[in-house]
Amino acid sequence: MDRKLIAGFIGLVLVSMGAFSCLLAQEPLSKRIANYTMDVRLDPEKKVVSGKEVLTWLNDSEVELSELYFHLYLNAFKNNMTTLLTEARRVYPWRIPQLKKEDLGYIDVESIMLIGEEGVEPIDITPTIEYVQPDDGNPYDQTVMKVTLPQPLPPQQTIKLDISFTAKLPLGIARTGFRDDYFFVAQWFPKIGVFYEGAWNCHQYHVTSEFFADYGVYDVSLTLPSNFIVGATGIRLYERDNGDGTITYNYYQEDVHDFVWTASPHYLVYEDTFTHEYLPEVKVILLLQPYHKMFKDRYIEATKHALRYYGEWYGAYPYPQVTCVDPAYRSGSGGMEYPTLFTGGAYWLTPIELRSPEGVTIHECGHEWWYGIIGNNEFEDAWMDEGFDSYSDDRVLEKAYGPYYFSRRFLQIFPIVFKRFSYKPAWGSMSGYRPYAELDDMSRLAWEFMSGTSYGVNSYSKGALTMWTLENYLGPELSAKVFKTYFQRWKFRHPRPQDFIDVVEEVTGQDMSWFFDQIVFGSNELDYAIERISSSPVTKKEGYFDENGERAFITGEEEGEKEEKEEVIYQSNVIVRRLGEVVFPVEVLVTFENGEQEKKVWDGEYRWVRYTFKKPSRLQSAEVDPDHKIFLDVNYTNNSKTMNPRKLPAYKWAFRWMFWLQHLLETCTFFS
Ligand SMILES: [Zn+2]
């Protein structure tokens, strides 16, 4: 770290203090249920964080509580029989290395003291600690701890616990841990579960699930060797040189539901400011690996795009600062979101057309809205953050950077961009979703999907396609109103799927249960197709016809001659089929050779519909969903037919599917 950077770093502290004074002035944004004051120390040699936390917790329920549940996430790395590592061997076997003794991680709660009134002796409740496994009963899993209180805690009363703990950090294989002298410290402290809907919601740590916690205030002091550069949730309030080669940093943040920090001697630190016509200013801090210096401007620009568009569409970013962390190589910490801090990911030789690190930066920064501010339960309703965020980042990418381009890496290193093959960012989700559409319901618990792919496809791809389809069904204005209303109503709270559905129905004034029942709570495929088209001259009239009260015998020749003198009428037939089980209203566009077009709207309910036209022109083509509004359609290649079949359209789509799939396989990550 050179002198200029150190000077910048000190300046940052002073500016942060200024930002903090703004922070203090505001009203609480959330119901501050879980509040932590922590004082911990990192031993970088032993990879150990130890210290204590004082938890002030409000029983916001309407019942007395005798038991408290805590997450001890780091115990997921304690042995190879934990639930996370058991699931990982099944779900992501290629990602899990053989862990050596020094690579394991765990957290020991040394004591829990119940702090009473002033002058009253604290009560030691450490002996009541029990490990419980609410999800799978796995006795080797110690990621959830239960403690029993000496007396029940009445509703709306606050409890204060003093907890001492030692956390051994694991090798960074899944989100948290170390890689040499790089530390990314996430899910690292005893963290109380959420009591809501009449029960404790405190799931074990699973490989395909993220997190859930109540909002509160975090006041965290981190002590570590002074050569480390640190980033964390919140604002740095002060730093103190301890005179023994260590330094203590204090971070503070209100109205967040987690606290993460990172430390490395190698970070380059940059800061910038997001400004906007009407959105509040946000300080942007970038912690960059020195070997990724060339990505500095691209990370910052992408972060600003996210702050701008999410802010405009849903609501302003409510904190004074956001930190973007470029993770160390092979640290397992990339592409993750935490309150006011997220990790990106970058690879050498990546031109901007590859949208990396832009894509991951916008996605993870976007989670500040869909996860950070909207605090849905990621264990149970993963699509509500991943789906909403994937949909939103598609929209930002398109606005800010235009279409995606198909690309390959020659010798797996050198990028080649095929500018002739461009596609909308959202279409990447289609290729991921299409082959796996029927594996699972999107609404399943995160760890109960058939596979990691099914979790990813349902939470990310189908989630995004569902939102796109909803937007196209409602139209842009109504859709924008739905998302903004939902965000504003549920910010700093814990919405469930029905809460979103209620907002959709309220804003649109429509019963939308048919949409959500089929798509969110079901796993049927949506596929409409043009089955058959035909067009031929109308058969000439022959036989007796009663016209004007008289019966006349008409021969084909006479009528035909008459018609030829005037015009030929063609009878055209179009059969549209519903191949999937999802019933969805569709548009059908029929085009005639003279350029005339007719658009029909079919409710899509029965298995098929036939349209018959009698027109002076031959039918040219028919297409179902001609504007490609229904992103959930699993097969676009059967959506159109022409009278003079050209194979090109089908091939064109087939090629695109292939490109998208390849692209997805190259870039997708389910650890985000
Ligand atoms: Zn995500």
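Further up the page is the structure itself.
Keep in mind that what you see is a predicted model, and the values were worked out from it rather than measured. (Residues numbered from 1 in each chain as written. Predicted model: local features only at pLDDT ≥ 70, side-chain atom pairs only at ≥ 80, totals over all residues. Heavy atoms only, no water.)

### Description of helix α8 (residues 476–490)
The periodicity of an α-helix, 3.6 residues per turn, causes residues three or four places apart in sequence to face the same way. Here α8 contains 15 residues, and its C-alpha end-to-end distance of 21 Å stays within 8% of the 21 Å for a straight helix at 1.5 Å per residue. Those residues of α8 not exposed but buried are Ser479, Val482, Phe483, Thr485, Tyr486, Phe487 and Trp490. Summarising the contacts, the buried residues of α8 are in contact with α5 (383–401), α7 (452–474) and α9 (497–508). Directly after α8, the chain includes phenylalanine 492, whose backbone phi takes a positive value near 60 degrees. (Helix = DSSP H or I, 4+ residues; strand = E, 2+ residues; numbered from the N terminus. Expected span 1.5 Å × (residues − 1). Buried < 20%, exposed > 50% of the residue type's maximum accessible area, 1.4 Å probe, protein only. Contact = heavy atoms within 4.5 Å.)

### Some words on helix α4 (residues 358–366)
Counting buried residues in α4 gives eight out of nine residues, a clear majority hidden from the surface. Considered for burial, the residues of α4 that qualify are Glu358, Gly359, Thr361, Ile362, His363, Glu364, Cys365 and Gly366. On its buried side, α4 packs onto α3 (296–313), β21 (321–325), β22 (337–338), β23 (341–343), α5 and α7.

### With respect to the side chain of histidine 305
With respect to the element layout, histidine 305 can be found in helix α3. When residues no more than four places from it in sequence are discounted, the contact partners of histidine 305 are Val396, Ala400 and Tyr401.

### Things to note about the environment of leucine 288
Following the sequence through the fold, leucine 288 ends up in strand β20 (residues 282–288). Given a relative accessible area of 0%, leucine 288 falls into the buried group. Separated by 36 residues in sequence, leucine 288 and cysteine 324 have C-alpha atoms that sit 8.4 Å apart. When neighbours within four sequence positions are excluded, leucine 288 is seen to be in contact with His266, Tyr267, Leu268, Tyr270, Lys293, Lys296, Tyr299 and Asp326.

### Some words on the state of the cysteines
Taken as a whole and judged by the stated rule, the model has zero disulfides. No disulfide involves cysteine 324; its nearest neighbouring cysteine sulfur is the one of cysteine 365, lying 7.9 Å away. (Disulfide = S-S within 2.5 Å.)

### Some points on the sheet that holds strand β16 (residues 235–241)
In spatial order, the strands read β5-β4-β8-β2-β1-β14-β17-β16; together these eight strands make up an open sheet with mixed pairing. Every other strand in the sheet has two partners, leaving β5 (123–124) and β16 as the edge strands with one partner each. Examined bridge by bridge, strand β2 (residues 48–58) and strand β8 (residues 158–168) share 11 bridges and lie antiparallel to one another. Note that in β8 the partner of lysine 52 across the bridge is serine 164. (Pairing = 2+ DSSP bridges.)

### Quick notes on the packing of α5 against α7
Where α5 meets α7, the axes come as close as 7 Å, and the angle between the chain directions of the two elements is 65 degrees. When you trace α5 past α7, the crossing you get is right-handed. Contacts from Trp383, Glu386, Gly387, Phe388, Ser390, Tyr391, Asp394, Arg395 and Glu398 of α5 reach α7 at Asn458, Ser459, Tyr460, Gly463, Ala464, Met467, Trp468 and Glu471. When its residues are assigned to classes, the contact of α5 with α7 shows seven nonpolar, five polar and five charged. (Axes fitted to C-alpha atoms, helices over the stretch in contact; angles between N-to-C directions. Left-handed = near helix turned anticlockwise from the far one by under 90°. Nonpolar A, V, L, I, M, F, W, Y, C, P; charged D, E, K, R; others polar.)

### Quick look at the nonpolar core
Counting residues in hydrophobic clusters, the biggest one holds 188 residues, and the most contacted among them are Trp57, Leu68, Trp188, Trp261, Phe500 and Val574. When residues in this core are grouped by element, the largest group, nine residues, is from α7. When near neighbours in sequence (up to four residues on either side) are disregarded, valine 574 contacts Ile530, Arg532, Ile533, Val590, Val609, Arg610, Tyr611, Phe613, Leu619 and Ala622. (Core = buried A, V, L, I, M, F, W, Y, C linked by side-chain atoms within 4.5 Å.)

### Concerning the packing of aromatic side chains
To describe a pair of aromatic rings, you give the distance between the ring centres and the angle between the ring planes. Summed over the entire model, instances satisfying the criterion amount to 55 aromatic pairs. Taken together, a centroid distance of 6.3 Å and an interplanar angle of 85 degrees make the contact between tyrosine 455 and tyrosine 460 edge-to-face. Like tyrosine 455, the residue tyrosine 460 is buried in the burial classification. Ring geometry for phenylalanine 592 against phenylalanine 613: centres 5.5 Å apart, planes inclined by 80 degrees, an arrangement best described as edge-to-face. Within this pair, whereas phenylalanine 592 is found in strand β30 (residues 586–592), its partner phenylalanine 613 is found in strand β32 (residues 608–615), the two being separated by 21 residues in sequence. A relative accessible area of 5% places phenylalanine 613 in the buried class. Positioned above the aromatic ring of phenylalanine 592, the side-chain terminus of lysine 615 is 5.5 Å from the ring centre. (Phe/Tyr/Trp six-rings, centres within 6.5 Å; stacked < 30°, edge-to-face > 60°. Lys NZ or Arg CZ within 6 Å of the ring centre and 35° of its normal.)

### Brief notes about unusual backbone geometry
Cis geometry is found at the peptide bond from serine 356 to proline 357, where omega equals 20 degrees. Locating proline 357 in the fold gives a position in the loop between β23 and α4. The phi torsion at lysine 47 lies on the positive side, around 60 degrees, for a residue other than glycine. Inspection of the secondary structure puts lysine 47 in the loop between β1 (34–43) and β2.

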